[in-house]
Amino acid sequence: FYSVDVFFFLSAFLGSYLMISKFEDKGRVNFLMIYFHRFFRLVPTLLMFICLFITIYVFLGSGPVWNLVDSVLVQPCQKYWWTTVLFVNNFYPPVGTLNCLNILWYLSNDVLFFMVLPFVILAYIKNRIIGHAVTHFLIIANIVVTFIVSAIGEHNMTTLRDKNVREIYHQPQCRFGA
């Protein structure tokens, strides 16, 4: 349950450590290259995995239950593969619709968090007090947003059910605190 939060924390910690050292050494920030490097590392592998999944996965098994694999796993990927590649699969398709490779929800969150990270690091380098203030603001905003989403959706915060998982556990605005 907590492994995803540890993953998000380690990703932010290592990203921050590396960005601070690069920003302080070079004295400038090249946001375009930061984002390009991230997408260049992730997207080709992800595209290859989705292509293999859509074309070959159905042929890897058989039996009466195996027909569900096509309708539950492969068909949503044929329709919504682009949401996973663009890392928006936590927002689209809407709740209640099967999406492509739901197990990769954490990767979409991590990419979104990484897109915000250089701005927080830049604020921290320019003025450490402002950097800490931005970090604290984001953590407090995460707590408030999660509380509001759970209150509106009438979610029980102690258990994860189907509705809770997609509306709270998978959503970046509710996981940003880690």
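None of the values given here were measured: they were computed from a predicted structure.

Visitor: Looking at this structure, I do not really get the packing of helix α2 (residues 31–56) against helix α4 (residues 105–126). What am I missing?
Guide: Packed helix pairs are characterised by how far apart their axes lie and by the angle those axes make with each other. The geometry of α2 relative to α4 is characterised by a closest axis approach of 11 Å and an angle of 160 degrees between their N-to-C directions. Comparing the axis directions of α2 and α4 gives the class roughly antiparallel. In terms of crossing hand, the pair formed by α2 and α4 is right-handed. Counting all contacts with α2, which are made through F31, I34, Y35, R38, F39 and L42, the residues of α4 involved are L107, D110, V111, F114, M115, P118, F119 and L122. Looking at side-chain class alone, the contact of α2 with α4 contains twelve nonpolar, no polar and two charged residues.

Visitor: What should I look at first to understand a nonpolar patch on the surface in this one?
Guide: On the surface, a cluster of nonpolar side chains totalling about 730 Å² of accessible area is made up of L47, W81, W82, L86, F91, Y92, L112 and M115. Mapping F91 onto the fold places it in the loop between α3 (67–85) and α4.

Visitor: It is not clear to me how the packing of α2 against α3 should be interpreted in this structure. Could you clarify?
Guide: Following both chains from N to C, one finds α2 and α3 inclined at 165 degrees, their axes separated by 10 Å at the closest point. On the basis of their axis angle, the class for α2 and α3 is roughly antiparallel. Here the hand of the crossing between α2 and α3 comes out left-handed. Here α2 contributes V43, L46, L47, I50, F53 and I54 to the contact with α3, which in turn contributes L73, V74, C77, Q78, W81, T84 and V85.

Calculation criteria
The residue numbers shown here count from 1 along each chain, following its written sequence. Where totals are concerned, whole chains, interfaces and linings use all residues; where local detail is concerned, this predicted model gives features only for residues with pLDDT of at least 70, and gives and counts side-chain atom pairs only at 80 or more. Derived side-chain values reflect all non-hydrogen atoms in the structure, with water molecules and hydrogen atoms excluded from consideration. Comment: axis = line fitted to C-alpha atoms, over the contacting stretch for helices; angle = value between 0 and 180 degrees taken between N-to-C directions. Counting from the N terminus, the helices are the DSSP runs of H or I reaching at least four residues and the strands are the DSSP runs of E reaching at least two. Oblique is the label for every angle not falling under 35 degrees (roughly parallel), over 145 degrees (roughly antiparallel), or within 65 to 115 degrees (roughly perpendicular). Crossing chirality is assigned from the near helix's rotation relative to the far helix, an anticlockwise turn below a right angle marking it left-handed and a clockwise turn marking it right-handed. Contacts are assigned to residue pairs that have any heavy atoms within 4.5 Å of one another. The nonpolar class holds Ala, Val, Leu, Ile, Met, Phe, Trp, Tyr, Cys and Pro. Asp, Glu, Lys and Arg form the charged class, and all remaining residues, Gly among them, are polar. What goes into a patch is any residue over 30% in relative accessible area without a salt bridge, connected to like charges within 9 Å or, for nonpolar side chains (Val, Leu, Ile, Met, Phe, Trp, Tyr), within 5 Å. Computed with the Shrake-Rupley method and a 1.4 Å probe, the accessible areas treat only the protein chains shown as cover for residues. A pair is scored as a salt bridge if a Lys or Arg side-chain nitrogen falls within 4 Å of a carboxyl oxygen belonging to Asp or Glu.

Everything listed here is a matter of coordinates, which is why it stays silent on function.
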